[in-house]
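Chain by chain, the residues run as shown.
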Amino acid sequence: MATEVGHHAIGTLQSHSYLSNLNHSQNLRSGSLRLATKDFISSNNGLSMGRSSHFGWRNCFVIRSSASHSQTSVVDPVLSPSRSNSGDTPKKSNEAALILIRHGESLWNEKNLFTGCVDVPLSQKGIDEAIEAGKKISNIPVDVIFTSALIRAQMTAMLAMTQHRRKKVPVVLHDESEQAKAWSQVFSEDTKKQSIPVTTAWQLNERMYGELQGLNKQETADRYGKEQVHEWRRSYDIPPPNGESLEMCAERAVAYFRDRIEPKLLSGKNVMIAAHGNSLRSIIMYLDKLTSQEVISLELSTGIPMLYIFKEGRFIRRGSPTGPTESGVYAYTKHLALYRQKLDEMFQ
């Protein structure tokens, strides 16, 4: 069954028990939380999830983020669930958030060129998409960030975090040499607490398109035929000339996710990944247990974040925004709702 990822809300909420329990125990302010089942149904924007058994929708409720955000600096920061854990040692944690964002439109996307691993920046539209993506995740905790080694993914992560209500500063880690480590060291503990470490990794790069890189997509289709180009672009195990197949891209991206990113989630860290269509498709294939046939039908829109919850050793997809003009609608857990409540209290 083809799985599509777009601008639409996910699924239908099946239970509202968390909301009543939370209102009783936390005495939340009126209007801070509200059920959005009606919003989901009336929007007529469904998302075909595929493999629906992986997405549990019981005991969840929805928070709609405000489009406007306070510019007040965070002096007494909200404690995220992983705050007390400085390392990656496994600990007892209810859940951790995982945010995936495909970079915004690049200048070569705008020109309809095959980009692959060529390092080009975002277009103006891509910059706007990254900022809008940041607004959609402004109420979700982020402890660590991973990006590819390519500038368009890094720009997306940085621009997105300018919109986060915590106002923590993303700081790129440099470990390419001992000198780089020493020269980029931060000596203030207070500053460290208001920073988010950013790790860049070539393993999260876009699929290498080989001899197609830099070619116009329409001209290439005219030269080699639409069927051949479609096979290069959308098959699982057939690479373009001297390039990578999706299977080859998945080998490096998933291995890196399992070795470097999953341990962060296991320790309770909330993680954001800004990367590319094919490296993220590979990771989603792993998270959602998709087959090679299902993943080739998976489409990711630029600048649209996906939210997963990592809980009890499994990944549960929690949502995607209902549309590009919405500030964000997610199926929130109790844990994320409490985080949002603390943010609201800070900016009263």
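Look above for the structure.
Presented here is a report on the structure given in the accompanying data block. Please read all numbers here as calculations on a predicted model, not as lab measurements.

**Brief notes about the nonpolar core**
The tendency in soluble globular proteins is for nonpolar side chains to be buried as a group.
Consideration 1: With 30 residues, the main nonpolar core has Leu98, Leu100, Phe257, Leu265 and Ile273 as its most contacted residues.
Consideration 2: Elements that contribute at least two residues to this core include exactly β2 (96-102), β3 (144-148), α10 (246-266), β6 (271-275), α11 (277-287) and β7 (306-311).
Consideration 3: Looking at this core, the element that brings in the most residues is α10, giving six residues.
Consideration 4: Beyond its immediate stretch of four places on either side in the chain, phenylalanine 257 contacts Leu98, Glu262, Pro263, Leu265, Ile273, Ile283, Tyr286, Leu287 and Phe315.
Consideration 5: Core analysis: the second largest hydrophobic core is formed by 19 residues, Ile99, Ile145, Met272 and Leu336 among them.

**Digging into the packing of aromatic side chains**
Consideration 1: If you walk through the whole model with that rule in mind, you get six aromatic pairs.
Consideration 2: Between phenylalanine 114 and tyrosine 209, the ring centres sit 5.6 Å apart and the planes meet at 40°, which makes this aromatic pair tilted. In this pair, phenylalanine 114 sits in the loop between α3 (107-110) and α4 (124-136) while tyrosine 209 sits in the loop between β5 (195-201) and α8 (217-224), placing the two residues 95 residues apart along the sequence. There is no split in this pair, since phenylalanine 114 and tyrosine 209 are both buried.
Consideration 3: Put simply, the rings of Phe257, Tyr286, Phe310 and Phe315 touch in pairs and so form one group of aromatic residues.
Consideration 4: In this arrangement the basic side chain of arginine 207 is found over the ring face of tyrosine 209, its NZ or CZ atom lying 4.5 Å from the centre.
Consideration 5: We note lysine 217 situated over the ring of phenylalanine 114; from NZ or CZ to the ring centre the distance is 5.7 Å.

**Digging into the pattern of salt bridges**
Consideration 1: Summed over all chains, the structure comprises eight salt bridges.
Consideration 2: Here glutamate 178 makes a salt bridge to lysine 181, at a shortest N to O gap of 3.8 Å. Taken together, the residues span about one helical turn, with glutamate 178 and lysine 181 both in helix α6 (residues 178-183) at a distance of three residues.
Consideration 3: On the basis of relative accessibility, which here comes to 60%, the residue glutamate 178 falls in the exposed class.

Cut-offs and rules
- Residues numbered from 1 in each chain as written.
- Predicted model: local features only at pLDDT ≥ 70, side-chain atom pairs only at ≥ 80, totals over all residues.
- Heavy atoms only, no water.
- Core = buried A, V, L, I, M, F, W, Y, C linked by side-chain atoms within 4.5 Å.
- Buried < 20%, exposed > 50% of the residue type's maximum accessible area, 1.4 Å probe, protein only.
- Helix = DSSP H or I, 4+ residues; strand = E, 2+ residues; numbered from the N terminus.
- Contact = heavy atoms within 4.5 Å.
- Phe/Tyr/Trp six-rings, centres within 6.5 Å; stacked < 30°, edge-to-face > 60°.
- Lys NZ or Arg CZ within 6 Å of the ring centre and 35° of its normal.
- Salt bridge = Lys/Arg side-chain N within 4 Å of Asp/Glu carboxyl O.

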